[in-house]
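# Chains, contacts and geometry: an overview
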Amino acid sequence: IQVSAFDLVVFGGTGDLAARKLLPAMFQRDRAGQLPDAGRIIGVSRRPLGDEGYLDFVRTSLRDHVKAADLEPEALARFLARIHFLPVDVTGETGWAELAALLASGADHVRAFYFAVSPDLFAPISQRIKQFGLVTPKSRVVVEKPLGKDGESAREVNAAVACVFEESQVFRIDHYLGKETVQNLMALRFANRMFEPLWNSTHIDHIQITVAEDIGVGERGGYYDTSGAVRDMVQNHILQLLCLTAMEPPDAFEADSVRDEKLKVLKALKCINDRNAEHCTVRGQYRSGSVNGQPTPGYLLDISKEESDTETFVAIRAEIANWRWAGVPFFLRTGKRLGGRTSEIVVNFRPISHSIFDHTAGRISQNRLVIRLQPDEGMTLEVMIKDPGPGGMRLRSIPLDMSFAETFGVSNPDAYERLLMDVIRGNQTLFMRHDEVAAAWRWVDPILAAWSNTAQRVHHYAAGTWGPSASVALIERDGRTWLEDS
Ligand code: BG6
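Residues numbered from 1 in each chain as written. Predicted model: local features only at pLDDT ≥ 70, side-chain atom pairs only at ≥ 80, totals over all residues. Heavy atoms only, no water.

With an unreviewed UniProt entry as reference, the chain is termed Glucose-6-phosphate 1-dehydrogenase, source organism Uliginosibacterium flavum.

Attention shifts here to the sheet that holds strand S4 (residues 110-115). Read across the sheet, six strands follow the order S3-S2-S1-S4-S5-S6 without closing on themselves; strand pairing throughout is parallel. Either end of the sheet is taken by a strand with one partner, and the two such strands are strand S3 (83-87) and strand S6 (170-172). Taken pair by pair, the neighbouring strands of this sheet meet at an average axis angle of 20 degrees, ignoring direction. Where strand S1 (residues 6-11) lies against S4, six bridges are found, and the strand directions are parallel. Residue pairing across strands places Phe11 opposite Phe115, the latter belonging to S4. (Pairing = 2+ DSSP bridges. Helix = DSSP H or I, 4+ residues; strand = E, 2+ residues; numbered from the N terminus. Axes fitted to C-alpha atoms, helices over the stretch in contact; angles between N-to-C directions.)

The subject of this paragraph is the side chain of Glu382. Assignment of secondary structure puts Glu382 in strand S15 (residues 378-386). The class of Glu382 is buried, set by a relative accessible area of 17%. Aside from chain neighbours lying at most four places away, what touches Glu382 is Asn367, Arg368, Val370, Ser397, Ile398 and Pro399. (Buried < 20%, exposed > 50% of the residue type's maximum accessible area, 1.4 Å probe, protein only. Contact = heavy atoms within 4.5 Å.)

Let us look at the pattern of salt bridges. A complete count under the given rule lists 38 salt bridges for this structure. When the shortest N-O distance is used, the salt bridge between Asp309 and Arg283 registers 3.6 Å. Of this pair, Asp309 sits in the loop between helix H11 (299-303) and strand S11 (313-318) while Arg283 sits in strand S8 (residues 281-287); the two residues are 26 residues apart in sequence, bridging distant segments of the chain. A residue is classified by how much of its surface remains accessible, and Arg283, at 4% relative accessible area, is buried. One salt bridge in this structure joins Arg372 and Asp401, with 3.8 Å as the shortest N-O distance. Residue Arg372 is located in strand S14 (residues 368-374), and its partner Asp401 is located in strand S16 (residues 395-403); the two are separated by 29 residues in the primary sequence. A relative accessible area of 15% places Arg372 in the buried class. A single salt-bridge network, built from bridges that share partners, covers Asp205, Lys270, Arg317, Glu319, Asp478 and Arg480. (Salt bridge = Lys/Arg side-chain N within 4 Å of Asp/Glu carboxyl O.)

Inspection of the region around the ligand gives Lys145, His175, Tyr176, Lys179, Glu213, Arg220, Asp232, Met233, His237, Lys336, Arg341 and Gln374 as its neighbouring residues. At 2.8 Å, a side-chain N or O of His175 approaches an oxygen atom of the ligand. Here an oxygen atom of the ligand and a side-chain polar atom of Tyr176 are 2.4 Å apart. Summarising the interface, the protein chains cover 81% of the accessible area of the ligand, which totals 400 Å² for the free molecule. (Near = heavy atom within 4 Å. Polar contact = N/O pair within 3.5 Å; in protein donor to acceptor, adjacent residues only side chain to side chain. Areas by Shrake-Rupley, 256 points an atom, 1.4 Å probe, with all protein chains shown as cover.)

When the terminal C-alpha atoms of helix H6 (residues 151-162) are compared, their 16 Å separation across 12 residues agrees well with the 16 Å that a helix rising 1.5 Å per residue should span. Here the buried face of H6 lies against helix H5 (122-131), strand S5 (139-143), S6 and helix H14 (434-453). (Expected span 1.5 Å × (residues − 1).)

Before going further, it helps to spend a moment on the sheet that holds S11. The strand order S16-S15-S14-S13-S7-S12-S11-S8-S17 describes an open sheet built from nine strands, whose pairing is mixed. The outermost strands of the open sheet, each flanked by one partner alone, are S16 and strand S17 (458-462). If you compare each strand with its neighbour and ignore which way they point, the axes differ by 20 degrees on average. Sheet topology places S11 next to strand S12 (residues 330-335); six bridges connect them, and they run antiparallel. Bridge pairing in S12 places Arg317 opposite Phe331. Against the sheet, H14 touches S8, S11 and S12, its axis set at about 120 degrees to S11. Of the strands in this sheet, strand S7 (204-212), S8, S11, S12 and S17 are in contact with helix H15 (residues 469-476), which crosses S11 at around 10 degrees.

Summarizing the sequence annotation, UniProt attributes the feature "binding site: substrate" (unreviewed entry) to His175, Lys179, Glu213, Asp232 and Lys336 in the numbering used throughout. Positionally, Lys179 belongs in the loop between S6 and helix H7 (180-190). Look at Lys179 and you get buried, because its relative accessible area is 14%. Other than its neighbours up to four places away in sequence, Lys179 contacts Gln374 and Ala415. Note that Asp232 resides in helix H8 (residues 221-246). Beyond its immediate chain neighbours, meaning those up to four positions away, Asp232 contacts Lys145, Arg220, Tyr223, Tyr224, Ser227, His237 and Lys336. (UniProt positions renumbered as here; feature names shortened; annotations may be inferred.)

Looking now at the domain arrangement of the chain. For the chain, the assigned domains are domain 1 (6-144) and domain 2 (177-485). Placing a centre on the C-alpha atoms of domain 1 and another on those of domain 2 gives a separation of 34 Å. With 17 residues of domain 1 at the contact, the number on the domain 2 side is nine residues. When residues of domain 1 are sorted by the area they lose upon contact with domain 2, Lys21, Arg29 and Arg140 head the list and together hold 32% of the total. Here domain 1 and domain 2 share two salt bridges between them. Of the charged contacts, one joins Glu417 and Arg29 as a salt bridge, the two residues approaching to 3.0 Å between their closest N and O atoms. (Domains from an automatic or database assignment. Buried area = accessible area lost by both parts, 1.4 Å probe.)

A separate point is the packing of H8 against H14. Between H8 and H14, the least distance of the axes is 10 Å, while the angle of their chain directions is 135 degrees. Classified by the angle their axes make, H8 and H14 are oblique. Pair H8 / H14 crosses with right-handed handedness. In contact with Val230, Arg231, Val234, Gln235, Leu239 and Gln240 of H8, H14 contributes Glu436, Val437, Ala440, Trp441, Trp443, Val444, Leu448 and Trp451. Tallied by class, residues from the contact of H8 with H14 come to 10 nonpolar, two polar and two charged. (Parallel < 35°, antiparallel > 145°, perpendicular 65-115°, else oblique. Left-handed = near helix turned anticlockwise from the far one by under 90°. Nonpolar A, V, L, I, M, F, W, Y, C, P; charged D, E, K, R; others polar.)

See below:
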């Protein structure tokens, strides 16, 4: 179904996010027939490009980030006809009147301002949007991470945007929520009878959430070195995955019901601070090694620095202090230059309460549900069965497997496709509310403070491994093992 007429104004229109994600996503939605004729994309940037120059930028972005087979000439021509460009000085006056004039020609359109720029520009841009009277009842603003570098700066960013836009107009993107497999978590939990009765500390032993990447920091060393894995991945993506895994059933699949439940999980996270950070967290940084058979340089070389204390890997033992989850550890881990690209949630069930079989049957493994978010999207439920044959009662764990690619035969759309359409439709379910962001920082800030107060060391790990051995020790202290090591 087509969305309504819209103007999507992309601040940072010549930036990396526009090139890699936003333009390709809009192009794919256009190909799918979801964009109406009256749908315009207005790139805004300091760069003094003319319309032709910007069209070249768009063409190159699509060529680099869209499958060649999808770039049919008619589809490309239709998409390029939607593109406009304006050079605007976002902290000055130049270009704003032209932007206002262009937007006035679509006065009844949904108007989405996308802030794909550094957060210190959110305040000046918001003010100018107000000053030039660009906010209409159908306006929305999309803000990208990082939403601050701690609770305090997140509050400032939020306040700057809130001076101009109502909360119902603010769309805080966490692109993990746009991933099909992440949304599938909600289907799995709340559209099946069989999981919910078992989804608690009586039946679940522990949960692992891993978001592993084999890439390094690439060209983003400048940003990354001031951020680190906790701010870059845990504060947002991993905590969102944790929330969807652990939250109570919302009363409807509707923005505030879902967000209320996620917020309760964030509030119930047990504090990690100077007292227990050493015990509950491990920091790591990659050194040279070998990734997929290729020799790979270490982090310091990647960021061209002699030294750095920034973590490119983190493992955390988290706990949720509420009735459902008391005593169930959640082991979270993420890092760059690890042994593979894999994001997964592993739910490990408790052992059976009593075995009726004798020792000849073999070991009874605990049931395990592995939800693979990417790549190779799907899930596996490990169950015990009798090994067929006359050799007596021998037990074996086998996987009940489901793969999205095999079952549906299509590849999943990119997360930004779904999220951009939701912005135009005005559906905030897959976006974060300001109090969620604040609650996430309230848990993260004491961890970061503890690391700096206690000078907690960064363990080195070779690129292409699963992080420092201290991460294995962290989980083994609890008598458990990471899925990759088991
Ligand atoms: C981004 C982080 O938010 O997510 C990057 O800033 C990271 O460092 C990326 O590489 C991972 O996203 P995806 O969709 O590739 O898992």
